[in-house]
Amino acid sequence: MKVIRHIYEMQHFIKERKRRGDTIGFVPTMGFLHEGHVSLIEKAREECDTVVTSIFVNPLQFGPNEDFDRYPRDFERDERLARERGTDVLFYPSVEDMYPDGAGVQMKVTERTNVLCGEKRPGHFDGVVTVLTKLFHIIQADRAYFGLKDAQQVAVVNDLIDSYFFPVELVACPTVREEDGLAKSSRNVYLKDHERFEAPKLYQQLLRAKEQVQTGKALKDVRQEMISVLEDIPYGETDYVEILSYPQLQTVETFDRKLIIALAYRFENARLIDNIIIEEKL
Ligand code: PAF
């Protein structure tokens, strides 16, 4: 596995690989890799000739009071995991290289971001699409792999790809979970023991809500019940619980299309998100 830090070198490498006819699979990450990322790398490995994984903690997608400075980082471990699980090139650019003009030119997302994390983290998705526009241009991938734990990100990035005619296919992959159901996340390391004990309740509530939706309970009652049960968790607080159409992310009254049940929950040092997507009733 090669580690490439400079954009021009990455572009040169991709040009060579394309010249020999390789398909390129791209896994964009912010590092501190876990089994969720690894599942994306493995899928890219199965489907593409050359696999590029990027590690870049993108300052633009963090708000002023968010965890950019203390976002977990461990390059040596990431390098080992990426290599062992099938990456050909680890792209590890610096902030100065990615934003040479200090982010003077940025993208703005106006659809699907007035809800969920888009609402709670103003500017977050502008930062995500800005960095992905740069990365898509540099890597020129045929397929880009994203986890559905960030389902709103998947919907927004699909829009980016369609709106700007990027010749890349987005491959959305299932959320990877711990044995007790907690969604794998780089931020889980910040859970204190007593919070980690409570955290699986988030997914348990999603599963229960899914069953209620599928058996015909009114969506507003399902949501309300989730909010009440999450209030009983002795630590932390709910950031949001929503049931929306997917991928449109619009308010819905009844279960007559594909839905997402999504939540965000704040423990002391870790804000966790999770969701379940329910296919349309047949
Ligand atoms: O999902 C992430 O880790 C980030 O939002 C991404 C896609 C790497 C962009 O910085």
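Structure shown above.
Procedures and definitions
- Residues numbered from 1 in each chain as written.
- Predicted model: local features only at pLDDT ≥ 70, side-chain atom pairs only at ≥ 80, totals over all residues.
- Heavy atoms only, no water.
- Pairing = 2+ DSSP bridges.
- Helix = DSSP H or I, 4+ residues; strand = E, 2+ residues; numbered from the N terminus.
- Right-handed = clockwise from strand over helix to strand, strands pointing away.
- Phe/Tyr/Trp six-rings, centres within 6.5 Å; stacked < 30°, edge-to-face > 60°.
- Buried < 20%, exposed > 50% of the residue type's maximum accessible area, 1.4 Å probe, protein only.
- 1 Å grid on protein atoms, 1.4 Å probe; cavity = no way out; pocket = protein on both sides within 12 Å on 5 of 7 lines; lining within 4 Å.
- Points joined across faces, edges and corners; volume = space filled by probe spheres on them.
- Nonpolar A, V, L, I, M, F, W, Y, C, P; charged D, E, K, R; others polar.
- Axes fitted to C-alpha atoms, helices over the stretch in contact; angles between N-to-C directions.
- Contact = heavy atoms within 4.5 Å.

Requested: an account of the pairing of strand 5 (residues 143-147), with residues and values cited.
Alignment of strand 2 (residues 24-29) against strand 5, held across 2 bridges, turns out to be parallel. Across the sheet, Phe26 pairs through a bridge with Ala144, a residue of strand 5. Pairing of strand 5 with strand 6 (residues 169-173), which is carried by 5 bridges, proceeds in the parallel orientation. By the bridge assignment, Ala144 is partnered in strand 6 with Leu170. Handedness of the strand 5-helix 7 (residues 151-163)-strand 6 crossover: right-handed.

Before we move on, can you summarise the packing of aromatic side chains with the specific residues and values?
Following the criterion strictly, the structure yields 7 aromatic pairs and no others. An angle of 80° between the planes, with centres 6.4 Å apart, marks the rings of Phe26 and Phe136 as edge-to-face. You can see Phe26 sitting in strand 2 and its partner Phe136 sitting in helix 6 (residues 124-139), a full 110 residues away along the chain. There is no split in this pair, since Phe26 and Phe136 are both buried.

Could you give an account of empty space enclosed by the protein, with specific residues and numbers?
Counted according to the given criterion, the structure contains 1 cavity of 30 Å³ or more. Considered as a void within the structure, the largest cavity measures approximately 50 Å³ in volume. Surrounding the largest cavity, Lys149, Leu182, Ala183, Ser185, Asn188, Leu202, Leu272, Ile273 and Asp274 form its lining. Of all the elements, strand 9 (residues 271-278) adds the most residues to the lining of the largest cavity, at 3 residues. Residues belonging to the lining of the largest cavity are distributed by class as follows: 5 nonpolar, 2 polar and 2 charged.

An account of the sheet that holds strand 4 (residues 89-91) is needed here, citing residue identities and associated values.
Pairing within the open sheet is parallel, and its 6 strands lie in the order 1-4-3-2-5-6. Of all strands in the sheet, those bounded by a partner on one side alone are strand 1 (2-4) and strand 6. Averaged over neighbouring strand pairs, the angle between their axes works out to 25° when direction is ignored. In the packing of helix 3 (residues 75-84) onto the sheet, contacts are made with strand 1, strand 3 (50-55) and strand 4, and the angle to strand 4 comes to roughly 150°.

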